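Coordinates in review
Here is how the chains run, residue by residue.
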Amino acid sequence: MNKDFKQLAIIGPTASGKSDLAIKIASKIDAYILSIDSLSIYKEIDIVSAKPSKKELEQVKHFGIDEIYPNEYFSVDIFINLYKKVLNRCKKDNKNLVIVGGTSFYLKSLLQGLSPIPELSPDAKLNIDKAMQDLEGAYSFLKLKDEEYMKNISVNDRYRIEKAFIVYKGSKMKPSEWFKQNPPQPVIKNLSIFNIDVSRDVLRKRIQKRTNKMLETGLIDEVCYLEQKYTRSPNSMGAIGIVEVLEYLDGKIDKDEMLELISTHTAQLAKRQQTFNKNQFENIISAPLEELEEIILKGFK
């Protein structure tokens, strides 16, 4: 990679202005953008995910947006592989990289790394898919095999239960033993992280405004389309904005209640994101949105 390559991350709660800031920065430092957003990764979930517009996506090359369909499996392991591909693309095209989004768990995973997961045969994948249809049963089975590992996992934690199942079936080892023998290795060792500091009152108003805009631009039609094409079973259909519209379509709530619930649940998500960002990263630089652009660009002079 060229010696001048630089990468940075912009994080912050939903509706804080991350995407706009990332595009401004990327345009000025000749960078590509990698989105770390658990919904924008999906094709056809456009309004619910509040993706950048087509014009914005054309302005700067984006990755991590429209990568897979809503019924396709996605995990942090897949995201890390995506990051590695983007890094190679930056190397090839002599570009810097701006990582941006609200799913900071993905960023944390890049910094901490993940233990490798054993390869599975097609038959083993099918068996795990069947087992995961009974989440409680899958949890109980794994607890019998490895109580030490499973005692720290919630019975509702589908991601970690499935990961433990893959390890057990693929390696024929207890997950606790596998992870001891295969410790995680950081993917990124040094990264400047900039956090958008925004008050909850301001955020609440922005969320409410964005929710109303989503309705005006076709939110209900998008959810109807997604349900018809993919049913309600994929994990992506449990997202904030989709669940509330489905309740409205079922006649359980009226339109005003639907909008209020979307705003409330989004505000609760934003609060969790702020707490995570505050507690999970060291040496991050936090500042209001209007100050961050200048702070970031100073580091690239």
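For the structure given in this document, a descriptive report is provided here.

Scoring rules and cut-offs
- Residues numbered from 1 in each chain as written.
- Predicted model: local features only at pLDDT ≥ 70, side-chain atom pairs only at ≥ 80, totals over all residues.
- Heavy atoms only, no water.
- Helix = DSSP H or I, 4+ residues; strand = E, 2+ residues; numbered from the N terminus.
- Rg over C-alpha atoms; globule rule 2.2 N^0.38 Å.
- Buried < 20%, exposed > 50% of the residue type's maximum accessible area, 1.4 Å probe, protein only.
- Axes fitted to C-alpha atoms, helices over the stretch in contact; angles between N-to-C directions.
- Parallel < 35°, antiparallel > 145°, perpendicular 65-115°, else oblique.
- Contact = heavy atoms within 4.5 Å.
- Nonpolar A, V, L, I, M, F, W, Y, C, P; charged D, E, K, R; others polar.
- Pairing = 2+ DSSP bridges.

1. Side note on the overall build of the protein chain
Assigned secondary structure in the protein chain consists of 14 helices and 6 strands. Compactness check: the protein chain gives a C-alpha radius of gyration of 20 Å against a globular reference of 19 Å for 301 residues, within 12% of the reference. Projected onto its principal axes, the C-alpha coordinates of the protein chain cover approximately 55 × 55 × 30 Å. For the protein chain, buried positions account for 46% of its 301 residues.

2. Examining the packing of helix α11 (residues 219-230) against helix α12 (residues 242-249)
For any two helices packed against each other, one specifies the inter-axial angle together with the distance between the axes. Where α11 contacts α12, the two axes come as close as 10 Å, and the packing angle between them is 90°. Relative to α12, α11 is oriented roughly perpendicular. Along its contact with α11, which presents L219, I220, V223, C224, L226 and E227, the element α12 presents I242, V245, L246, Y248 and L249. Classifying every residue of the contact of α11 with α12 by side-chain character gives 10 nonpolar, no polar and 1 charged.

3. A short note on the side chain of S49
Within the element layout of this structure, S49 appears in the loop between β2 (31-35) and α2 (54-59). Judged by its relative accessible area of 9%, S49 falls in the buried class. Contact partners of S49, with chain neighbours within four places excluded, come to L39 and S40.

4. Concerning the pairing of β2
Burial runs high along β2: 5 of the 5 residues are buried. Residue alternation in β2 divides its side chains into two sets, A31, I33 and S35 and Y32 and L34, and both sets are buried. Where β2 meets strand β4 (residues 96-101), 5 bridges bridge the pair, whose relative direction is parallel. Looking across to β4, one finds that I33 is bridged to V98.

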